[in-house]
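The residues making up each chain are set out below.
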Amino acid sequence: MLRVPFSEMKDQFTAVLLNKGFTELRAQRCAALFAEASLDGVYSHGLNRFPSFIEFIDKGYVDIHAVPECIHSFGAMERWDGNLGPGNLNAKLCMERAIAIAKQQGIGCIALRNTNHWMRGGSYGWQAVEAGCAGICWTNTMPNLPPWGSIERKLGNNPIVFAVPRAEGPIVLDMAVSQFSYGQLNTKKLLGSQLPVDGGYDKAGNLTKDPSAILDSGRPLPIGFWKGSGLSLVLDLMAALFADGHTTHEIGKLPAEHSVSQMFIAFDTRSLSNLDFINERINEAIRDLQEAEPLEENGTVRYPGEDTLQRRQYNLENGIPVEPSIWQHVTRL
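Owing to the predicted nature of the structure, the values given are computational and were not obtained by experimental measurement. Within every chain, residues take consecutive numbers counted from 1 along the sequence as written. Totals for whole chains, interfaces and linings use all residues, but because this is a predicted model, local features are given only for residues with pLDDT of at least 70 and pairs of side-chain atoms are given and counted only at 80 or more. Calculation of side-chain values draws on the structure's entire complement of heavy atoms; hydrogens and water are dropped beforehand.

What's the story with the overall build of the chain in this structure? I'm lost.
A run of DSSP states H or I qualifies as a helix once it reaches four residues; a run of E qualifies as a strand once it reaches two. Both are numbered from the N-terminal end. A tally of regular secondary structure across the chain gives twelve helices and eleven strands. Radius of gyration means the value over C-alpha atoms here, while the globule rule gives 2.2 Å times the residue count to the 0.38 power. Relative to the 2.2 N^0.38 estimate, which gives 20 Å for 333 residues, the radius of gyration of the chain is 20 Å and therefore close to what a compact globule would have. With the C-alpha coordinates aligned to their principal axes, the bounding extent of the chain is approximately 55 × 55 × 45 Å. Type-normalised accessible area, obtained with a 1.4 Å probe on protein chains alone, sets the label of each residue: buried when under 20%, exposed when over 50%, and partly exposed for intermediate values. The buried share of the chain, taken over its 333 residues, is 51%. Any two residues whose heavy atoms approach within 4.5 Å are treated as being in contact. Here the contacts in the chain between residues at least 6 apart in sequence split such that 64% fall between residues at least 24 apart. Here the chain has roughly 15,800 Å² of accessible surface; of this, 52% comes from carbon and sulfur atoms. For the purpose of charge, His is not counted, nor are the chain termini; Lys and Arg are scored as positive and Asp and Glu as negative. Note that the charge is assigned to NZ on lysines, CZ on arginines, CG on aspartates and CD on glutamates. Of the side-chain charges in the chain, 30 are positive and 37 negative, and the distance between the mean point of each set is 4 Å. Surface exposure here means Shrake-Rupley accessible area, sampled with a 1.4 Å probe, where a residue is shielded only by the protein chains that are shown.

Dropping the structure here:
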């Protein structure tokens, strides 16, 4: 694959966004979030997702000038309206606000409605740990996942992020509640690769590792089968409940995926009186995990987010790997 320097990718995104009417500051911030996703190896929600974002702007689903606003406050929790602004900018601001409340009250929670796709959800988990906070955030989506026992897509694959700060390397779990996210399926399809385990069904109802067959059938597997199906539903309902926003069912009636509901929760770990002791216990747990006997010879057991910093540094030094046709498309936008 072609490799593109991080600064060049960010500058290209910025130029496109400025051409679409973004202010300089908002273009820089939005471009940075896209470029940083690819820098960390989440190509499906960085460069590869950028053309779709521009398409949603052109179709009027994303209001480039809109900013979220607080519409209700109760204790350590606030309800915000995203006003259909750029999803990644809205999400970053809301996690920033959750962190600020947590610094004052120990915990901060923001429920956000009427927003757009947040792109890489892990960005906001990293944002929390870099501020010394633990974080949890999730989003609902359009119906793109059949509930267990059905072939009809009624649930969202509702990505959720858990983040734990740690000086030796944060633990950041960024996952959809489908076995493989649609971003992963599209990336594997683009590369012509099979999935490592069955990820869904083909149109004939057979379990398959073929990402193209799963995309064609629209039947990805929920994680844990019926457990993931139930988790998807409660995440959707909790986000809609606290944000007073749309459920996945309601999003499915719209012409495209927008007006989604999201949650951002931050916990100020630095306020804990026994933090040093807790950190040592976390480190001990991680060491024990890493010492587990690997399934394969020379294999490793890793914690979520372990290789992100290494991948980030490698891509900074060597350039971000890109699919040439997608990069060429973006340079022509």
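Alright, that's what it looks like, and here's the rest.
It is not clear to me how the nonpolar core should be interpreted in this structure. Could you clarify?
As a rule of thumb, nonpolar side chains are buried together in soluble globular proteins. Core analysis: the largest hydrophobic core is formed by 28 residues, its most contacted members being Met9, Phe13, Leu17, Phe22, Leu47, Phe50 and Phe53. For this core, the secondary-structure elements that each account for two or more residues are helix 1 (6-19), helix 2 (24-39), helix 3 (50-58), strand 11 (320-322) and helix 12 (324-331). Here this core gets seven residues from one element, more than from any other, and that element is helix 2. Side-chain atoms within 4.5 Å link the members of a nonpolar core, which is a set of buried Ala, Val, Leu, Ile, Met, Phe, Trp, Tyr and Cys residues. Of all hydrophobic cores here, the second largest spans 23 residues; its members include Ala102, Ile110, Trp118 and Tyr124.

Sorry, what's going on with the packing of aromatic side chains here?
How two aromatic rings sit relative to each other is given by the distance of their centres and the angle of their planes. In this scheme Phe, Tyr and Trp rings, the latter by its six-membered ring, pair at centre separations within 6.5 Å, and the angle between planes marks the pair as stacked below 30 degrees, edge-to-face above 60, and tilted otherwise. Taken as a whole and assessed by the stated rule, the structure comprises twelve aromatic pairs. Between phenylalanine 13 and phenylalanine 34, the ring centres sit 6.0 Å apart and the planes meet at 65°, which makes this aromatic pair edge-to-face. Linking phenylalanine 13 in helix 1 with phenylalanine 34 in helix 2, this pair joins segments that are 21 residues apart in sequence. Residue phenylalanine 34 is classed as buried on the basis of its relative accessible area of 0%. Geometrically, the ring pair formed by tryptophan 118 and phenylalanine 264 is edge-to-face, given 6.0 Å between the ring centres and 65° between the ring planes. Highlighted residues: tryptophan 118 in the loop between strand 4 (107-115) and helix 5 (122-130) and phenylalanine 264 in strand 10 (residues 260-268), separated in sequence by 146 residues. The class for tryptophan 118 is buried, based on a relative accessible area of 2%. Assessed through its relative accessible area of 0%, phenylalanine 264 is described here as buried.

What exactly am I supposed to notice about the side chain of arginine 113 here?
In this structure, arginine 113 sits in strand 4. Each polar contact in these results corresponds to two N or O atoms within 3.5 Å; when the atoms are within protein, one needs to be able to donate a hydrogen and the other to accept it, and residues that are neighboring in sequence are counted only if both atoms are side-chain atoms. Only 3.1 Å separates the side chain of arginine 113 from the side chain of aspartate 81, close enough to count as a polar contact. Among all residues touching arginine 113, those that are not within four sequence positions of it are Ile71, Arg79, Trp80, Asp81, Gly82, Asn83, Ala243, Asp244, Gly245 and Val260.

How should I be thinking about unusual backbone geometry in this particular structure?
Residues apart from glycine generally show negative phi values, whereas peptide bonds are mostly found in trans. In this structure, phenylalanine 225 is a non-glycine residue whose phi angle is positive, near 60°. Within the secondary structure, phenylalanine 225 sits in the loop between helix 7 (211-217) and helix 8 (226-243). Of note in this structure, serine 259 is not a glycine but carries a positive phi near 60°. Its place among the elements puts serine 259 in the loop between helix 9 (248-251) and strand 10. For serine 259, a relative accessible area of 5% corresponds to the buried category.

Could you clarify how one ought to interpret the pairing of strand 10 in this entry?
Extensive coverage of strand 10 is indicated by the burial of eight of its nine residues. Pairing of strand 5 (residues 133-139) with strand 10 involves seven bridges; the strand directions are antiparallel. Pairing of cysteine 133 across the sheet is with aspartate 268, part of strand 10. Strands are treated as partners if at least two bridges between them are detected by DSSP.

Would you take a moment to explain the sheet that holds strand 2 (residues 69-74) for this structure?
Here seven strands make up an open sheet; going across it, the order is 2-3-4-10-5-6-7 and the pairing mixed. Each edge of the sheet is formed by a strand with only one pairing partner; in this case those strands are strand 2 and strand 7 (171-175). This sheet shows a mean twist of 10° between the axes of neighbouring strands, independent of strand direction. In this sheet, strand 3 (residues 77-81) lies alongside strand 2 in antiparallel orientation, the contact comprising five bridges. Comment: axis = line fitted to C-alpha atoms, over the contacting stretch for helices; angle = value between 0 and 180 degrees taken between N-to-C directions.

I tried to follow the pattern of salt bridges on my own but got confused; where do I start?
Within this document, salt bridges are pairs made up of a side-chain nitrogen of Lys or Arg and a carboxyl oxygen of Asp or Glu, the two lying within 4 Å of each other. For the structure shown, the criterion picks out 13 salt bridges. Here lysine 20 ties to aspartate 58 by a salt bridge, and the two come within 2.9 Å at their closest N and O atoms. One end of the pair, lysine 20, is in the loop between helix 1 and helix 2; the other, aspartate 58, is in helix 3, with 38 residues separating them in the sequence. Relative accessible area serves as the criterion here: at 28%, lysine 20 is assigned to the partly exposed category.

What am I meant to see in helix 10 (residues 275-290) here?
An α-helix turns once every 3.6 residues. As a result, residues three or four positions apart point the same way. Here, expected helix span is obtained from the residue count minus one, scaled by 1.5 Å. The end-to-end C-alpha distance of helix 10 is 22 Å, a good match for the 22 Å that 16 residues give at a rise of 1.5 Å each. Tucked inside the fold, the buried residues of helix 10 contact strand 7.

For this particular structure, what's the right way to read helix 12?
Among the residues making up helix 12, those that are buried are Ile326, Trp327 and Val330. End-on view of helix 12: buried residues confined to an arc of 100°, all on one side of the axis. In this description, the arc belongs to the directions extending from the helix axis to the C-beta atoms.

So what exactly am I meant to see when it comes to the environment of tyrosine 124 here?
Along the chain, tyrosine 124 turns up in helix 5. Placed 84 residues apart in sequence, tyrosine 124 and threonine 208 show a C-alpha to C-alpha distance of 32 Å. When near neighbours in sequence (up to four residues on either side) are disregarded, tyrosine 124 contacts Asn88, Ala91, Lys92, Met95, Trp118, Cys137 and Phe264. For tyrosine 124, the side chain forms a polar contact with the main-chain oxygen of tryptophan 118, separated by 2.6 Å.

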